[in-house]
Amino acid sequence: MEATMSIFVTKSAMPDFDEYVEEIRGIWDSRHLTNMGPKHMELERLLAEKLDVPYVSLLTNGHLALEYTLQSFEFPYGSEVITTPFTFVSTTNSIIRSGLRPVFCDIALPDYTMDAKKIEALITEKTVAIMPVHVYGNICQVEEIERIASKYGLKVIYDAAHAFGESYKGKSVFRYGDASILSFHATKVFHTIEGGAICTSSKEMYDKIWHLKDFGINGPDHIDYAGGNGKMNEFCAAMGICNLRHIDANIAARKAVAECYRENLQGIPGIVLNRQYDDCAYNYAYYPVIFDGYKENRDEIFDKLKAHDINSRKYFYPLISALDYCKEYRGSGAENTPVSAYACDHVLCLPMYPELGLDDVKHICDIIKE
Ligand SMILES: *Cc1c(COP(=O)(O)O)cnc(C)c1O
């Protein structure tokens, strides 16, 4: 079957127009448009419940959630944060923009997450934190990371932008580490148009973020920190409240897409599908595939799909640790993170969103196989 329209790599989930209009009606009456209004507070409460984590603080976007989290720890200028180069560039940039230095730790396959075996060798007296990424929704080696962090007294901040709603051994992924960051950008599994959150089990941290995201203001006559403006507005929070009603159906539809890809692509030499484990609950955020030793390489598959009006994504490419402005940091360069470099050159994310028809998935697989 030929697809009649172009297929995007992702497509934002939207509630019915009327549902959103109903949700924002009260904002017109109250004129409470932002500054931690009722929608903001309601969504924080709903998310804490949904994600099974004590505190959720809503921010304007996921990137600022990373920066505010780093700021809240008040690390000395120039301290080192061990992180992964196989991520969206926001992770690394948040560290640099906070006056800190990223140190690149390689990933391990088949999970694409930070290789916990390589962390300890990178720790120095300047190390203050580890910032791993639950990349593609693949859950990090959380227990091993926790062990290392407590041994060396380091903070753990998870970039959990891809991990909405996930759990490991029945426990919410947001209960690991000192904080986890979510992105609610329009392209993510759950979105608020633009938005993000900091999830933590610490009331003290939640309170500090509350002031930091509001210019550091603490009461009418007190300004305690050099805070910024990171507040999620009421219209974005209202979109989140609507989208949250449909998130379970959304994830179930993603799962059906993932299963259809697996049925059609598994067992083909040269094609490596993402591995998933029985003790994890996933959200099927992305569908990464490695092409290595297949009749066509990653870039050729990308071009072939493109010729059929199907958009896949070389996600993540290029390698962050090889970017010019990252050369000065420890662990930079493709030679120091060879597994990440390999993944960058061989992985392709296939279209993945809840409305993607299974006929379209089969069509995409047929093109890959033809
Ligand atoms: C999307 C994303 C971010 C940034 O989130 P925004 O909401 O777009 O600012 C950070 N890290 C990762 C891994 C992401 O995918």
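Higher on the page you've got the structure.
Quantities reported herein were computed from a predicted structural model and do not represent experimental measurements. (Residues numbered from 1 in each chain as written. Predicted model: local features only at pLDDT ≥ 70, side-chain atom pairs only at ≥ 80, totals over all residues. Heavy atoms only, no water.)

J.: Requested: an account of the site of the ligand, with residues and values cited.
T.: As a structural note, the neighbourhood of the ligand is formed by 15 residues, with Gly62, Asp159, His162, Ser183 and Lys188 the closest of them. Within the backbone of Gly62, a nitrogen or oxygen atom sits 2.8 Å from an oxygen atom of the ligand. At a separation of 2.7 Å, an oxygen atom of the ligand approaches a polar side-chain atom of Ser183. If the ligand stood free it would expose 380 Å²; the protein chains cover 93% of that surface. (Near = heavy atom within 4 Å. Polar contact = N/O pair within 3.5 Å; in protein donor to acceptor, adjacent residues only side chain to side chain. Areas by Shrake-Rupley, 256 points an atom, 1.4 Å probe, with all protein chains shown as cover.)

J.: I'd like a description of empty space enclosed by the protein, backed by residues and values.
T.: To locate leftover empty space, one rolls a probe as large as a water molecule over the atoms. Within this structure, the stated rule accounts for one cavity of 30 Å³ or more. Of the pockets and cavities examined, the largest cavity occupies roughly 50 Å³. Lining the largest cavity are 13 residues, with Ala161, His162, Phe164, Lys188 and Val189 positioned closest to its centre. Of the residues contributing to the lining of the largest cavity, the split by class is nine nonpolar, three polar and one charged. (1 Å grid on protein atoms, 1.4 Å probe; cavity = no way out; pocket = protein on both sides within 12 Å on 5 of 7 lines; lining within 4 Å. Points joined across faces, edges and corners; volume = space filled by probe spheres on them. Nonpolar A, V, L, I, M, F, W, Y, C, P; charged D, E, K, R; others polar.)

J.: Go over the pairing of strand E7 (residues 155–159) with me, naming the residues and quoting the values.
T.: Judged by how many residues are buried, E7 sits mostly within the fold: four of five residues are covered. Where strand E6 (residues 127–131) and E7 come together, two bridges link them in parallel fashion. Note on E7: the bridge partner recorded for Ala129 is Lys155. Crossover handedness for the path E6 to helix H5 (residues 142–152) to E7: right-handed. Note that E7 and strand E10 (residues 179–183) share three bridges and pair parallel. Bridge pairing in E10 links Asp159 to Ile181. (Buried < 20%, exposed > 50% of the residue type's maximum accessible area, 1.4 Å probe, protein only. Helix = DSSP H or I, 4+ residues; strand = E, 2+ residues; numbered from the N terminus. Pairing = 2+ DSSP bridges. Right-handed = clockwise from strand over helix to strand, strands pointing away.)

J.: So what's going on with helix H6 (residues 203–212)? Which residues, and what values?
T.: For H6, the full list of buried residues reads Met205, Tyr206, Lys208, Ile209, His211 and Leu212. Summarising the contacts, the buried residues of H6 are in contact with helix H2 (38–51), strand E1 (55–59), helix H3 (62–72), E10 and strand E11 (196–200). (Contact = heavy atoms within 4.5 Å.)

J.: An account of the pattern of salt bridges is requested, with residue identities and associated values reported.
T.: The final tally for this structure, using the stated rule, is 23 salt bridges. Between Glu328 and Arg101 there is a salt bridge, and its shortest N-O distance comes to 3.4 Å. Taken together, the residues Glu328 in the loop between helix H9 (298–307) and helix H10 (338–346) and Arg101 in strand E3 (residues 101–104) connect sequence positions 227 residues apart. Its relative accessible area of 53% is what places Glu328 among the exposed residues. With a closest N to O distance of 3.3 Å, Glu120 and Arg147 form a salt bridge. Here Glu120 is found in the loop between strand E5 (113–114) and E6, whereas its partner Arg147 is found in helix H5, with 27 residues between them in sequence. (Salt bridge = Lys/Arg side-chain N within 4 Å of Asp/Glu carboxyl O.)

J.: Can you tell me about the nonpolar core, naming the residues and giving the values?
T.: In a soluble, globular protein the nonpolar side chains are often hidden away together inside. In this structure, Leu47, Phe86, Ile119, Tyr136, Tyr261 and Ile368 are the most contacted members of the largest nonpolar core, which totals 91 residues. Per-element tally for this core: the top contributor is helix H8 (residues 247–265), with seven residues. Residues in contact with Leu47, not counting those within four places in the same chain, are Asp52, Val56, Leu58, Phe164, Phe184, Phe190 and Leu244. (Core = buried A, V, L, I, M, F, W, Y, C linked by side-chain atoms within 4.5 Å.)

J.: Give me the environment of Gly177: which residues, what numbers.
T.: Within the secondary structure layout, Gly177 lies in the loop between strand E9 (171–172) and E10. Note on Gly177: relative accessible area 35%, which makes it partly exposed. The spatial distance from the C-alpha of Gly177 to the C-alpha of Ile301 is 38 Å, given a sequence separation of 124 residues. With residues up to four places along the chain from it excluded, the contact list for Gly177 reads Glu146, Val156 and Tyr158.

J.: Lay out the layout of surface pockets in plain terms, naming residues and giving numbers.
T.: Looking at the largest pocket, its volume works out to about 480 Å³. If you trace the largest pocket, you find 32 residues lining it, with Phe88, Thr187, Lys188, Tyr286 and Tyr315 closest to the centre. Elements with a minimum of two residues in the lining of the largest pocket: H3, helix H4 (90–97), E10 and strand E15 (347–350). In terms of residues, the lining of the largest pocket owes the most to one element, H3, which gives three residues. Of the residues assigned to the lining of the largest pocket, the class counts are 15 nonpolar, 12 polar and five charged. Its volume calculated, the second largest pocket comes out at about 250 Å³. Residue lining of the second largest pocket: 16 residues in total, with Ala258, Arg262, Asn274, Gln276 and Tyr284 positioned closest to the centre.

J.: Before we move on, can you summarise the sheet that holds E10 with the specific residues and values?
T.: Ordered by their spatial adjacency, seven strands build an open sheet running E1-E11-E10-E7-E6-E2-E3, and the pairing between neighbours is mixed. A strand with exactly one partner marks an edge of an open sheet, and here the two such strands are E1 and E3. Between one strand and the next, the sheet's axes are offset by a mean angle of 25 degrees, whatever the strand orientation. Pairing analysis gives four bridges linking strand E2 (residues 80–83) to E6, with the strands arranged parallel. Bridging across to E6, Ile82 finds its partner in Ile130. Sheet contacts for H2: E1, E10 and E11; angle to E1, the most-contacted strand, approximately 135 degrees. (Axes fitted to C-alpha atoms, helices over the stretch in contact; angles between N-to-C directions.)

J.: Lay out the packing of H3 against H6 with the relevant residues and their values.
T.: One can describe the packing of H3 onto H6 by two numbers: an axis separation of 10 Å at closest approach and a directional angle of 115 degrees. If you check the angle between H3 and H6, you find them roughly perpendicular. Helix-helix and strand crossings are classified by hand; for H3 and H6 the assignment is right-handed. Here Tyr68, Thr69, Gln71 and Ser72 of H3 lie close against H6, whose contacting residues are Met205, Lys208, Ile209 and Leu212. Class assignment for the residues of the contact of H3 with H6 results in four nonpolar, three polar and one charged. (Parallel < 35°, antiparallel > 145°, perpendicular 65-115°, else oblique. Left-handed = near helix turned anticlockwise from the far one by under 90°.)

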